[in-house]
Amino acid sequence: AYQSNRLGRVSRDCLADKALVLYFEGKQRDEALLRALQQVYKQFGCEEGLGHFEVVYITAAESAEQFAACFRAMPWLTLPFTHALRREQLRHLFEVDPDDCAAVLLHMDGTTISREAKPLMALAHRLQSSIDEKRSESSYQKDLAKLIEKERKSLAQLEKRLQEGVVSRLGRVAKQLFAQLRAREVAEFLAEGGCPDKALHAELEAAAAAVEVAREGLRALDADALEELRVADSPPSAPVREAVEAAATLLQVRPDFAHAQARLMPRPGAFVERLLALEVGQVPAAARPRLRRFLGSAAEEGQCEATPPAAEASTAVAVALRGWVCALLRHEAAALEVEMAAECISCTPAMQAAVECICDLHGLHEVEEDLRGALLMADRFSRDAAAAGAAEEEEGEDEEVSELQDKASMVRRLVGLMEEGLKAAAKEVPKLQEGLAEPSPHADFGRRHEEVPDQLHALRDPEAPKGPHTVHAHALVRATLLISKPAVVQSAGADKGALLGEVIKSIGELYAKIQDAAIDKQAEGVTPAPDVTEAEWEQCKALVGGINGKALAQASRSFSTWHEWLSKVAELHSAKAGLLSKRNAAKQAKEQLLAINKQLDAAGLDSPFSLALMHSVAQAAKDAGQPLRRSQLCWVLERAKGDERVAISLATSQASARRALPVLRDPSLLSNFDVSAVTPAMARRVKETLSSVEALQTHLAELSALDEEAGEAVGRRVGERPQVGDTVLVLSSRDDEASRFVGMAGRLEEDDGSSQPFLVLFPSGGDYENQTWWFYEGEIEASELLAGIAEPIEHGSEATGEEGGEEGEEG
């Protein structure tokens, strides 16, 4: 009898005319084999008793509870737990190891097909998984084909409407625009308008004069008072401290008196030099908000004047600093007012929006900061292109500067690597010196060197027995003398007795010389004797390296300690020599880098911007296919006021700006505008621009009507969030794992208002069917063009039937 979770106890008649798979369980369950059996069992309908084979589970459980827990989720048959003898007989019959999981395949007549059916089950599992995957892929391809066909029909309708209506209307509107356009407004938009307000100019001139008066006040400060401030051990009075910290804010140093004292006053007179070196155009943009309290207190106390009153020295310093800070901030505010007034041109908001729309449609939709600057740059340097000779000369200079920058970058990286190597080597030397200065008791040659003479006397005695250690002891003697008394080694030559005699009489002196030279932290090398050469050090290391330490240790503990000590000295010499070599190489590299930087400084004397900034902007423009000449680079950095992001935006948008500029000057060219070049991002930007001007709302309504007619509108304003239930298209994703959904249509299930608010369900997505994912704002877009695509699709509904069933079963 057998046992089943579904049928209870069953007889062996249920196995008639069926092949058998005996599933032997081991001590550790094989999940892969179990999944394969479950898939095959389900695939062939064995759960309903329709299959042509059956699985019999042979448990390895040691208790009834463990057996019940393992068998509870299995759909096939098993031997009852009480039939332990039958299980053992089956394991013995088919030679199954009790520790391993196995599968045995039996024919309907009881003969054995394979005792190694486990890999066959795994192969069947993989094949069936592949078949299921191909079916799912086929279903996804059908869904995709439906989507493509629907989009193709929609695009055909749009193309027909474009040809019949929009393109022809575009020509008529362009002619009307050219007839009605006020060309002066476009010219004013492209111009750098001046500031007509004389009062603002007067205020700017007055502020500049106040800055000069404040600087004269700084130059007139008492040197003793400034020196007292520089060397003060404690913070000064509150007015002086606040004035110093305010000046530090303008100099972009942390507004803390102690920090400012260390950074700005390293030597007498340095503080005033730093203050006078700050130009009026270099005031940080964040300085005024940070100094709001300081300016308020200064105004209340009437200390915003540059001329200090006759008072004590510290008060004069505070007043002079306050006057300098207030004068610079006043000039910065006046200059900002003039700049803002210059930006106010007579071009109407509607015309400005229209110009921006044309620029957006020509590829300038990504320029966020300075659209006028991009057009001005295109205008200026298209006219300057005629100066071919100057351009070629400038390009030659740029290539030379670029080569210098590449060389400097390479040398800078090399110096960085050398510095890292120096740090590692510098850490190694003190450790070795510490090991020599404070050795462990069993390795302290300083205590044992007095035993050496007696043992060396034994080596000189011709009647004393000679062992393997004799050769090594002579090598120790020679190595020690090579670095401490090289002249003795040269005079003795091969006379071992003379060398032994020298060490016997002066071992204490030799140890002291070598030990003192080794632990000297001030010396760059290890020099026990003034006449020792690098060649003699190499001979010493070779002798020490060839000594057999075990043979010495068996003969004499003193010789063994001597060998260990001399080995550490040789290792320390190698470390110090390597450190010195690395320092020299790093010094040469730094000198080379300094020379290159001087050349670069000489090439960049005409630019107020750092070479690093210039190189970064030039490289970004080059990567975007818009290489800049030096004059263009300087112009764009000056226009962006040193802002790297704005400068890169201006430089990389020049191709689009050169396309838009002729159209702005001659709107009749719009009749030849290529509508197919308009991207969805351009269209969205145009709608956003139109929505910002009330006078252009009618045109925005016309666009919305066209979208609805084309089946693309969702009946909402531009920028409005998609609503739950909308069909949405995934445009992009910050999450790499969600990139597989880009371009797929789904249904918006939830909007929780968080930073990642949109939960999208993909009802028909092949391998991703009925999966959900959270997306950020801007990553999805609602569109009625895809409505219905995100509805659940019954996969395989068209493929069902006898043919499909037979094909699946045959596969």
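The structure we're discussing is the one just above.
Please read these numbers as outputs of a predicted model, since none were measured by experiment.

### Topic: the packing of aromatic side chains
Okay, so step 1: Scanning the entire structure with this criterion turns up 17 aromatic pairs.
Okay, so step 2: Measuring from centroid to centroid gives 5.8 Å for F445 and W562, while their planes differ by 10°, and the two rings are stacked. Here F445, found in helix α17 (residues 445-448), pairs with W562, found in helix α24 (residues 557-603); they are 117 residues apart in sequence, far enough to count as distant. Per residue, the accessibility class of F445 equals that of W562, and both read buried.
Okay, so step 3: Relative to W773, the ring of F741 has its centre 5.9 Å away and its plane inclined at 45°; by these criteria the two rings are tilted. Of the two residues, F741 sits in the loop between β8 (727-730) and β9 (745-751) while W773 sits in strand β11 (residues 771-775), which places them 32 residues apart along the sequence.

### A closer look at unusual backbone geometry
Okay, so step 1: Backbone geometry places E95, a non-glycine residue, at a positive phi of 55°.
Okay, so step 2: If you trace the backbone, E95 turns up in the loop between α3 (84-93) and β6 (102-106).
Okay, so step 3: We note that Q252 has phi near 60°; this positive angle belongs to a residue other than glycine.
Okay, so step 4: As for its position among the elements, Q252 is in the loop between α8 (238-250) and α9 (257-264).

### Looking at the sheet that holds strand β1 (residues 2-4)
Okay, so step 1: In space, the seven strands of this open sheet follow the order β2-β1-β5-β4-β3-β6-β7, with mixed pairing throughout. The open sheet has two edge strands with one neighbour each: β2 (8-10) and β7 (112-114).
Okay, so step 2: Where β1 and strand β5 (residues 77-78) come together, two bridges link them in antiparallel fashion. Looking at the pairing, S4 lines up with L77 of β5.
Okay, so step 3: Contacts from α3 reach β1, β3 (19-24) and β4 (53-58), with the element oriented near 110° to β4.

### Quick look at the environment of H457
Okay, so step 1: Looking at where H457 falls in the secondary structure, it is placed in helix α18 (residues 452-460).
Okay, so step 2: Taking the relative accessible area as the measure of exposure, H457 reaches 42% and is therefore partly exposed.
Okay, so step 3: Linking H457 and L500, residues 43 residues apart in sequence, is a C-alpha distance of 8.2 Å.

### A closer look at the sheet that holds strand β10 (residues 758-762)
Okay, so step 1: The strand order β11-β10-β9-β8-β12 describes an open sheet built from five strands, whose pairing is antiparallel. A strand with exactly one partner marks an edge of an open sheet, and here the two such strands are β11 and β12 (780-782). Each strand of the sheet is rotated relative to its neighbour by a mean of 40°, with strand direction disregarded.
Okay, so step 2: Pairing geometry for β8 and β12, over three bridges, is antiparallel. Each bridged residue has a counterpart across the sheet, and for L729 the counterpart in β12 is E781.

### A short note on the side chain of H474
Okay, so step 1: Within the secondary structure layout, H474 lies in helix α19 (residues 469-484).
Okay, so step 2: Once residues within four sequence positions are removed from consideration, H474 is found in contact with K496 and L500.

Scoring rules and cut-offs
Counting restarts for each chain, with residues numbered from 1 along the sequence as it is written. Only residues with pLDDT of at least 70 are given local features in this predicted model, and only at 80 or more are side-chain atom pairs given and counted; all residues enter the totals for whole chains, interfaces and linings. Heavy atoms throughout the structure, all of them, feed into the side-chain values; hydrogens and water do not. Here a pair means two rings of Phe, Tyr or Trp (six-membered ring of Trp) with centres within 6.5 Å. Their orientation is stacked below 30 degrees between planes, edge-to-face above 60, and tilted elsewhere. Secondary structure elements are defined from DSSP: runs of H or I of at least 4 residues count as helices, runs of E of at least 2 residues count as strands, and each element is numbered from the N terminus. Working definition: with a 1.4 Å probe on protein chains only, accessible area under 20% of the residue-type maximum means buried, over 50% means exposed, and in between means partly exposed. Pairing between strands is defined by DSSP: at least two bridges between them are needed. The contact criterion used is simple: two residues touch if any of their non-hydrogen atoms lie within 4.5 Å. Simply put, an axis is a line fit to the C-alpha atoms, just over the touching stretch for a helix, and the angle between two N-to-C directions goes from 0 to 180 degrees.

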